[in-house]
Amino acid sequence: SREDLRMAEELARRAAFSVDNARLYREAQEAIRLRDEFLSIASHELKTPLTSLRLQLSYLERHLPSSAREQLGAKLDVAHRQARRLSQLITLLLDVGRIVTGRVSLERSAVDLTRMVREAMERLRDVFEQSGCPVTLNAPGPVVGHWDALRLEQVIVNLLTNAAKYGQGRPVTLTVREDDGMARLSVRDEGIGIAAEDLPRIFDRFERAVSVRHYGGLGLGLYISREIVESHGGRVSVESHPGQGSTFTVDLPREAPSV
Ligand code: ADP
C-alpha cells in the first residue's frame, strides 16, 4: 500500500542517515588520531635542535669576554629566556602525546601540598606581579599525601598561571585543606570567568573559551592537569560566572588507591 511504501522510504532514509553518521564519526576519530600523532612527532623533532641551541647559548654566555658582557649579556639573557619558554611549550606538547597514548606513570613520594603551593607562589612571583593580582594562601599547616611531586607541581602552576592570566588584576585566593583521606586545593580568582556553555569543554585538549582568543595559549594546561589529577585517583572541578571569576578545585586522595 501507499502507507507501507512511505514507511519503507522513511526506514531507508534513517538507515542511510545512521550509516553517514557512523562514517563521519570514524573520520573525525581518525582526524583526531592523526593530529595527535603529528603533534607527537613534531614535538620530538623540535626538541633536539632546541636542546642544542640552548647548550650553545650557555656556552656563549660562559665564554663571553668580560669586555662584551655589558653590551651583550642582556641580549643573551633574552635569548635564553625565550629558548626556555619554547622548550616549556614543547614539553607541554610532548606531555599531551604521552597522555593520549597512556604513557604517564606516577612516581609517588610523601609530599606536602601546602609547601608545594607556597613554592609555586614563590616561583610565579613575577607572573603575579605582572598580572597585578594580589595572591594569598590559606592553609591549616602541612597537608601530606603520597603524590607525584613533579606532576602535582605542574597542576598547581597551571591553575595559578591561569588565575593570574584571567584574573584581571583582582585578588587570587588559594586554599589548602584536608578532610579525612582527602586533600583539597582551591584556586579562586575574581576575573573574567567562564561562560556556562564553555565550562564542559575547557578540560578538553586544545579547547579554549571563545572570549579568550586574544590572551594567547594552547588550551592544554587544564587537559594535562585533569589527566594528572585523575591518574592520582582525584578530581578537578570548576565553578565560574562570567565577569565574577572562577574557582578551580582539586580533590586528591592522600594515599594511592590499593589495587
Ligand atoms: P590556555 O590558558 O592555554 O588557553 P588551559 O587549558 O589552561 O589553556 O585553559 C583552557 C581554557 O579555559 C582557557 O583558554 C580559558 O578559556 C579557560 N580558563 C582556564 N582558567 C580560567 C580562569 N581562571 N578564568 C577564566 N577562564 C579560564
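Residues numbered from 1 in each chain as written. Predicted model: local features only at pLDDT ≥ 70, side-chain atom pairs only at ≥ 80, totals over all residues. Heavy atoms only, no water.

Some details on the packing of aromatic side chains
Evaluated as defined, the whole model comprises one aromatic pair. Seen in terms of ring centroids, Phe-203 and Phe-248 are 6.2 Å apart; in terms of plane orientation they differ by 70°. Their pairing is edge-to-face. A residue pair is termed long-range when its members are at least 10 positions apart, and Phe-203 in the loop between β5 (182-188) and α6 (221-231) and Phe-248 in strand β7 (residues 245-253) qualify at 45 residues. The pair formed by Phe-203 and Phe-248 is uniform in burial state, with each residue classed as buried. (Phe/Tyr/Trp six-rings, centres within 6.5 Å; stacked < 30°, edge-to-face > 60°. Helix = DSSP H or I, 4+ residues; strand = E, 2+ residues; numbered from the N terminus. Buried < 20%, exposed > 50% of the residue type's maximum accessible area, 1.4 Å probe, protein only.)

Quick notes on the pairing of β5
A regular strand carries its side chains on alternate faces of the sheet. Pairing of strand β4 (residues 172-179) with β5, which is carried by seven bridges, proceeds in the antiparallel orientation. In the sheet register, Glu-178 faces β5, and the bridge partner there is Ala-183. From the end of β4 to the start of β5, which pair antiparallel, there are two residues, and Asp-180 there has a positive phi angle of about 50°. In the sheet, β5 pairs with β7 via seven bridges, with the strands oriented antiparallel. When the sheet's bridge partners are listed, Val-187 is paired in β7 with Phe-248. (Pairing = 2+ DSSP bridges.)

Describing the layout of surface pockets
Its boundaries defined by the atoms lining it, the largest pocket holds a volume of some 1800 Å³. Residue lining of the largest pocket: 50 residues in total, with Arg-85, Gln-88, Val-157, Asn-158 and Thr-161 positioned closest to the centre. Elements represented by at least two residues in the lining of the largest pocket include exactly α2 (66-100), α4 (125-131), α5 (149-166), α6 and β7. The biggest single contributor to the lining of the largest pocket is α5, with eleven residues. (1 Å grid on protein atoms, 1.4 Å probe; cavity = no way out; pocket = protein on both sides within 12 Å on 5 of 7 lines; lining within 4 Å. Points joined across faces, edges and corners; volume = space filled by probe spheres on them.)

Details of the sheet that holds β4
Read across the open sheet, the five strands follow the order β2-β4-β5-β7-β6; overall the sheet is mixed. Single-partner strands in this sheet number two, and they are β2 (135-138) and β6 (235-241). Sheet twist, expressed as the average angle between the axes of neighbouring strands with direction ignored, equals 15°. As paired strands, β6 and β7 are joined by seven bridges and run antiparallel to one another. Pairing of Val-236 across the sheet is with Val-250, part of β7. (Axes fitted to C-alpha atoms, helices over the stretch in contact; angles between N-to-C directions.)

Regarding the confidence of the model for the protein chain
Residues of the protein chain with pLDDT of at least 70 account for 100%, and the chain-wide mean is 90. Across the interface, the model reports ipTM at 0.98; the global pTM reads 0.81. (pLDDT = per-residue confidence, 0-100.)

Considering the packing of α5 against α6
As a packed pair, α5 and α6 sit with axes 9 Å apart at the nearest point and diverge in direction by 145°. Where α5 crosses over α6, the handedness of that crossing is left-handed. Touching Arg-151, Gln-154, Val-155, Asn-158, Leu-159 and Asn-162 of α5 are Gly-221, Leu-222, Ile-224, Ser-225, Ile-228 and Val-229, all from α6. Taken together, the residues of the contact of α5 with α6 break down into six nonpolar, five polar and one charged. (Left-handed = near helix turned anticlockwise from the far one by under 90°. Contact = heavy atoms within 4.5 Å. Nonpolar A, V, L, I, M, F, W, Y, C, P; charged D, E, K, R; others polar.)

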